[in-house]
Amino acid sequence: MQILRRIVVPALAISLIAGSYATGHAENVKIGNIIPLSGPSATLGQQGKAAREMAVEEINAAGGIKSLGGAKFELVFADSESKPEKGVAEAERLINTEKVNVLTGCWNSAVTYPTTAVAERYGIPFVVPVSVSDKITDQGFKTVFRIAAKDSWWTRDQFAFLKDMEKEFGTKVERLAFVYENGDWGKGFAGQWKKLAEAGGYKVVLDEPYPSTATDLSPVVQKIRRAKPDVLLLVSNAADAILLTNTLADYKVKLKAIIASGGGHADPSFLKTTGKNAQYLFDIVEWETDVNKPGAKEANDKYKAKYGQNLTGEAVDAYVAMYVLKDALERAASLDPEKIREALAATNLSSGPGMIVGYDSVKFDKTGQNENASLVMVQVNDTGKGLERITIWPKSARRAGYTPVFPMPNK
Amino acid sequence: MYYIIEDTINGILMGSIYGLTAMGLTIIFGVLKVVNFAHGSMLMVGMYLAYWAVTLSGMHPYLAIVLVAPAMFLFGYTLQNFVIKPIFIAEKNVREPLTVIIVTTGIWYILDNLTLLIFGPQYRSLADNPLNGQMLEIGEMFISVPKLYGCITAVITALGVYWFFQKTDMGRAIRATSMDREAASLMGINQYKIYNVAFGIGAATAGIAAVTLVPFYNVFPTVGVLFDIKGFIIVVLGGLGSIGGALAGGIIIGIIESVGPQFMTATWTEAIVYGLFLVVLFVKPSGLFGQKHDW
């Protein structure tokens, strides 16, 4: 017995150590996600969680990271409650206690901004699927990578779209009117529009901020009618978007196009309450379910079956972020944060199951911003199935068989 | 010049509808001496009633008055009788029962959130109604038909309520209570019943206002708040307790809102409306048509 014990026990111990060593090689990749799971942005945080889980399920089912011996993705979620200080504390905890390899988050720009600084200090790569504030990638950080388009690109793309439309349909646009809610969001957009209009050689005939709480918008609509613009650019919350659209139709205001900026115009009840009055409206969004990309429809169907709603732009960004990480880890072949960071910086992902975005590839510039990220433009129209939002721009993402209506015919 | 005429007309039309939304507030204050913070929510309830009545039956939107006004009267009557009256009785000896104001604030939150719970945050509108988007086109001038209907309804309602207060026994009793509740009680008037009726009438006018709004405005759970703030300004401007004053105050604000933006941005006109509110409070605290004597 004594002999047996002397031989067997150390042998067992050695085999145990060896065993643990072997599994250590196929160690899981721990991804820390700081998102608002409760509080005012909870519904958006939950969408981000669902999208990440769906992507990780697919990646793990397909064999994980092959260059790391089939390592699986393991998601660790932390609730930011949309609070910056909570985001910072959770980042510290995820890095020091949970020992995550990568961080993602945080949806609210105000949370993402200070939280990325924590990751930078520890040198942990931080993938930001969507937080639009420009300053997040303007900090000169090495570890921050953002998938979504930044704030200033929304207006840039609205003007790029307008130029493309003018070229495609041979219609000249000269006079622009800016009408926007008088909060931070509207004023920010209007400031950028002014610069873009000047650079594009347009004439601004009306620049009108209005309170979103207005109970009557016909005075504003009268101003638009009298200024006789070719194109009207809008930033509106929900109630005012509906009121403006209906009042514009009531006063039979003649315009070549109306270009909205998401928000109220993308609200689910917008089309129901405006009906035909919203026909031919253009709206800029991050993503639309009919985007003409391989796998987009399947991904949306799967998501809808699982979580009961359509994929949103934010959810798609989170979904794509997981595939971007998979691609980077595959090339890094290591869990060393610096190696992962280098691989992320060299990302050029143009195909594969995750690429359901409207643009062609994910590629980060020096600041960590996905330089190809763009938005999509939709047009509200009826193709026989009732009014719907149809993706029309960029042209590569346009719904097959649909020709945009520009300029808007008189109703 | 021509633009100013067009805008003034729109201002008068929209303003008289504002006046109608605030009329109940001024009636209830005149009698109960209580600012009803739930007034906007009563307007919202009326809008949902009108919306569903028209949507489910397909009737003309203005026909809904027949249903909504009595329903809202009952709603206001019961609300006062079961929720507010007990507080009044408990605070019988207090000249200005503050707790009642707090109770009406509570009712406001409960109604808005109940609606949110039942109907969700969605915006609804009567997209297919015969008044939707109707415009009188006189040359280049546009006059909104649903607003014109609303203006006529507002004037008729104001005249009706005025006649009721002047000519009927109940109206006289209400006026007596509003002048001096103790003296009225001594004359054999049941002041709590008068409060119930006054609250009911206030709610009914909110119901009528709701019917005029539904053909061209959205229905959503917090819609009352937008009209509430405007209502307070209108009522103070016109004089608390004055029915004609509410209409006049509404029209003044409507004209400022409609003509103002031609000279400045719509954001500034909002500032002017609130500025006017402060000026009236400084210069003539009883409002343009309010009674001078202390309540």
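Residues numbered from 1 in each chain as written. Chains lettered and ligands numbered in written order. Predicted model: local features only at pLDDT ≥ 70, side-chain atom pairs only at ≥ 80, totals over all residues.

With that out of the way, let us pick up the overall build of chain B. Within chain B, the secondary structure is distributed over 11 helices and 2 strands. Mapped from its N terminus to its C terminus, chain B presents α and β elements in the order α-α-α-α-β-β-α-α-α-α-α-α-α. Against the globule reference of 19 Å for 295 residues, chain B gives a C-alpha radius of gyration of 19 Å, in line with a compact fold. Projected onto its principal axes, the C-alpha coordinates of chain B cover approximately 60 × 45 × 35 Å. Here chain B holds 295 residues, and the buried ones make up 51% of them. Considering only residue pairs separated by 6 or more positions, chain B has 78% of its internal contacts joining residues 24 or more positions apart. (Helix = DSSP H or I, 4+ residues; strand = E, 2+ residues; numbered from the N terminus. Rg over C-alpha atoms; globule rule 2.2 N^0.38 Å. Buried ≥ 20, exposed ≤ 12 C-beta atoms within 10 Å, placed from the backbone. Contact = placed C-beta atoms within 7 Å.)

When helices and strands are tallied, chain A shows 12 helices and 14 strands. For the C-alpha atoms alone, the extent of chain A along its principal axes is close to 100 × 40 × 35 Å. Looking at the 411 residues of chain A, the share that counts as buried comes to 49%. Residue pairs in contact within chain A that sit at least 24 positions apart in sequence constitute 67% of those at least 6 positions apart.

Let's shift gears to helix α5 (residues 151–169) of chain A. Residue and element names in this part refer to chain A. The terminal C-alpha atoms of α5, which comprises 19 residues, lie 28 Å apart, in line with the 27 Å expected from a rise of 1.5 Å per residue. Every buried residue of α5 is listed here: Trp154, Thr155, Asp157, Gln158, Phe159, Phe161, Leu162 and Met165. Those residues of α5 that are buried lie in contact with α6 (184–200), β8 (231–235), β9 (257–260), β10 (282–285), β13 (376–382) and β14 (387–393). Positive phi shows up at Gly170, right after α5, with a value of about 60°. (Expected span 1.5 Å × (residues − 1).)

Residue and element names in this part refer to chain A. Strands sit in the order β7-β6-β8-β9-β10-β13-β14 across an open sheet of 7 strands; the sheet is mixed. Here the strands that pair on one side only, and so sit at the sheet edges, are β7 (203–210) and β14. In this sheet, neighbouring strand axes are inclined to one another by 25° on average, regardless of whether the strands run parallel or antiparallel. Looking at chain direction, strand β6 (residues 175–181) and β7 are connected through 7 bridges and run parallel. Bridge pairing in β7 links Phe178 to Asp207. Against the sheet, α5 touches β8, β9, β10, β13 and β14, its axis set at about 140° to β10. Across the sheet, α6 touches β6, β7 and β8, and the angle it forms with β6 is around 165°. (Pairing = 2+ DSSP bridges. Axes fitted to C-alpha atoms, helices over the stretch in contact; angles between N-to-C directions.)

A few words now on the packing of helix α5 (residues 145–167) of chain B against helix α10 (residues 243–259) of chain B. All names here are of chain B. Close contact between α5 and α10 brings their axes to 9 Å; oriented N to C, the two are set at 160°. Accordingly, the angle class assigned to the pair α5 and α10 is roughly antiparallel. The two elements α5 and α10 cross, and the hand of that crossing is left-handed. Where α5 abuts α10, its residues Ala154, Ala158, Val161 and Tyr162 lie against Ile243, Gly244 and Leu247. (Parallel < 35°, antiparallel > 145°, perpendicular 65-115°, else oblique. Left-handed = near helix turned anticlockwise from the far one by under 90°.)

Within the secondary structure, A:Tyr210 sits in strand β7. Here A:Tyr210 falls in the buried class, since 24 other C-beta atoms lie within 10 Å of it. Here the alpha-carbon distance between A:Tyr210 and A:Gly186, two residues 24 residues apart in the chain, equals 9.4 Å. Apart from the residues within four sequence positions on either side, A:Tyr210 is in contact with A:Val179, A:Glu181, A:Asn182, A:Leu217, A:Val220, B:Ala266 and B:Thr267.

All names here are of chain A. Most of strand β1 (residues 29–35) is tucked away: 6 of the 7 residues are buried. Relative to strand β2 (residues 73–79), β1 runs parallel, the two sharing 7 bridges. Bridge pairing links Ile35 to Asp79 in β2. Of the crossover connections in this fold, the one passing from β1 over helix α2 (residues 42–61) to the parallel β2 is right-handed. Relative to strand β3 (residues 102–105), β1 runs parallel, the two being bridged by 4 bridges. Residue pairing across strands places Ile31 opposite Val102, the latter belonging to β3. (Right-handed = clockwise from strand over helix to strand, strands pointing away.)

Counting residues at the interface gives 25 residues for chain A and 26 residues for chain B. For the side of chain A that touches chain B, the secondary structure elements donating two or more residues are β7, α7 (218–227) and α8 (238–250) of chain A. Looking at the side of chain A that touches chain B residue by residue, the classes come out as 12 nonpolar, 8 polar and 5 charged. (Nonpolar A, V, L, I, M, F, W, Y, C, P; charged D, E, K, R; others polar.)

Across chain A, pLDDT averages 89, with 93% of residues at or above 70. Ignoring residues within four places in sequence, the model shows residues 14–25 of chain A, a span with pLDDT below 50, making 1 contact including any to other chains. (pLDDT = per-residue confidence, 0-100.)

Turning our attention to the domain arrangement of chain A. Residues and elements named next belong to chain A. Parsing chain A into structural domains produces domain 1 (24–149 + 292–363) and domain 2 (152–285 + 375–397). Taking only C-alpha atoms, the centre of domain 1 and the centre of domain 2 are 32 Å apart. Class assignment for the residues of the side of domain 1 that touches domain 2 results in 2 nonpolar, 3 polar and 3 charged. (Domains from an automatic or database assignment.)

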